[in-house]
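Residues per chain, in single letters:
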Amino acid sequence: MTAEVIDGKLIAAETRNKVAAEVARLLKVHNVVPGLAVVLVGSNPASQVYVGSKKKMTVETGMRSFEHLLPETASEAELLSLIVKLNADPAVNGILVQLPLPPQIDAAKVISAIDPGKDVDGFHPLNAGRLATGLPALVPCTPLGCVILAKSVHKSLAGMDAVVVGRSNIVGKPLAALLIAESATVTVAHSKTNDLPAVCRRADVLFAAVGRPEMIRGDWIRLGATVIDVGINRVPGEGGKHRIVGDVHYAEAVERAGAITPVPGGVGPMTIACLLVNTVRAACVAHGLPAPAV
Ligand code: NDP
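An account of the accompanying structure is given in this report. If you're wondering where the values come from, they're calculated on a predicted model, not measured in any experiment.

Description of the site of the ligand
Part 1: In the region of the ligand, 22 residues are neighbours, and R167, S168, S191, R212 and T271 sit closest.
Part 2: For the ligand, a nitrogen atom lies 3.5 Å from a polar atom in the backbone of H190.
Part 3: One of the backbone nitrogen or oxygen atoms of I232 is found 3.1 Å away from an oxygen atom of the ligand.
Part 4: In isolation the ligand has 930 Å² of accessible area, and contact with the protein removes 71% of it.
Part 5: It is helix α10 (residues 267-286) that contributes the most residues to the shell around the ligand, three residues altogether.
Part 6: Within the shell around the ligand, the residues separate by chemical class into nine nonpolar, 10 polar and three charged.

Rendered as structure tokens:
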């Protein structure tokens, strides 16, 4: 069996098109232009690339992008005072502080300072709590993207056995909460899980968010299962270059799975697309408008 490859790039492009259509409608009907502020502290090369892509795609969908670059040496107080300004700025509907932050800044404190209504990363404890209790919330982008990808294969996840490997606050836990909301039967595995291969084999839909290159092997996958690989790992490649691999051993998994996301080109592109979704949703709430059709 060779798996159907889930085209994350295509689904992300479709999602961005839906966002663009909603943004155009908001402008035409309500004279509203959603705005996203992205804050980068320091010059981490990977973060610079992410921030650049976020800015480009925000503008491409017709929204306003506000970029705030702070030096590596910026103090926590400086960042917090910027957050206070962005919270108060009516042109800003979403605030994203690019992680990781330098060691002198407490990321949890910064996240908690963001207005929960502008918390388009969905990391604020209030949004995490709302998600956990089934209330409307801004939900983390990568897990939201994972669910959209899984639902591109299965119209409904109700009653399916979903296994999430990883329990981080940014991927595993919110993903589990979203899957419970989809009425899947959810198992969350982690580094202390006994017999992880057997747990993975139970999955109709397997989500890998471990951060360990190609850890999940082909024979851990039930024949015909759907595999969503969140992992982004840099490993040595040919000629001294690096290549990016997921948390799943793709070459083995593609022979067992029914459908699988590639790395790159799977979950990765969905993360930014979902950030744009969250921004347009936040803008609608801020203006007292009904939820957008995305
Ligand atoms: P974390 O390091 O925060 O969490 C990793 C999780 O995996 C932990 O819960 C850990 O368990 C578990 N784990 C680690 N080793 C094992 C093991 N041997 N067996 C079982 N479970 C294990 O990572 P993140 O959640 O932040 O990210 C996970 C992956 O997703 C990374 O590759 C990251 O690069 C990628 N990622 C991709 C994004 C995208 O846009 N595509 C966005 C965010 C992340 P424990 O809690 O017990 O330590």
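Back to the write-up after that little detour.
Quick word on the pairing of strand β5 (residues 161-165)
Part 1: With respect to burial, β5 is a largely interior element, four of its five residues being buried.
Part 2: Handedness of the crossover is the feature at issue here: the chain leaves β5, passes through helix α7 (residues 172-181), returns alongside strand β6 (residues 185-189), and the resulting connection is right-handed.

Digging into the pattern of salt bridges
Part 1: Counting across every chain of the model gives seven salt bridges.
Part 2: In this structure, the salt-bridge partner of K109 is E76, at a minimum N-O distance of 2.9 Å. Within this pair, whereas K109 is found in helix α4 (residues 107-113), its partner E76 is found in helix α3 (residues 76-88), the two being separated by 33 residues in sequence.

Some points on the sheet that holds strand β2 (residues 35-41)
Part 1: Strand order in the open sheet made by the three strands is β3-β2-β4, with parallel pairing throughout. Two strands close off the open sheet at either side, each with one partner strand: β3 (64-70) and β4 (94-97). Each neighbouring strand pair of the sheet contributes to a mean axis angle of 15 degrees, computed without reference to strand direction.
Part 2: Sheet topology places β2 next to β4; four bridges connect them, and they run parallel. Across the sheet, the residue bridging to L36 is G94, located in β4.
Part 3: Sitting on the sheet, helix α2 (residues 45-60) touches β2, β3 and β4, and the angle it makes with β3 is about 160 degrees.

Procedures and definitions
Residues numbered from 1 in each chain as written. Predicted model: local features only at pLDDT ≥ 70, side-chain atom pairs only at ≥ 80, totals over all residues. Heavy atoms only, no water. Near = heavy atom within 4 Å. Polar contact = N/O pair within 3.5 Å; in protein donor to acceptor, adjacent residues only side chain to side chain. Areas by Shrake-Rupley, 256 points an atom, 1.4 Å probe, with all protein chains shown as cover. Helix = DSSP H or I, 4+ residues; strand = E, 2+ residues; numbered from the N terminus. Nonpolar A, V, L, I, M, F, W, Y, C, P; charged D, E, K, R; others polar. Buried < 20%, exposed > 50% of the residue type's maximum accessible area, 1.4 Å probe, protein only. Right-handed = clockwise from strand over helix to strand, strands pointing away. Salt bridge = Lys/Arg side-chain N within 4 Å of Asp/Glu carboxyl O. Pairing = 2+ DSSP bridges. Axes fitted to C-alpha atoms, helices over the stretch in contact; angles between N-to-C directions. Contact = heavy atoms within 4.5 Å.

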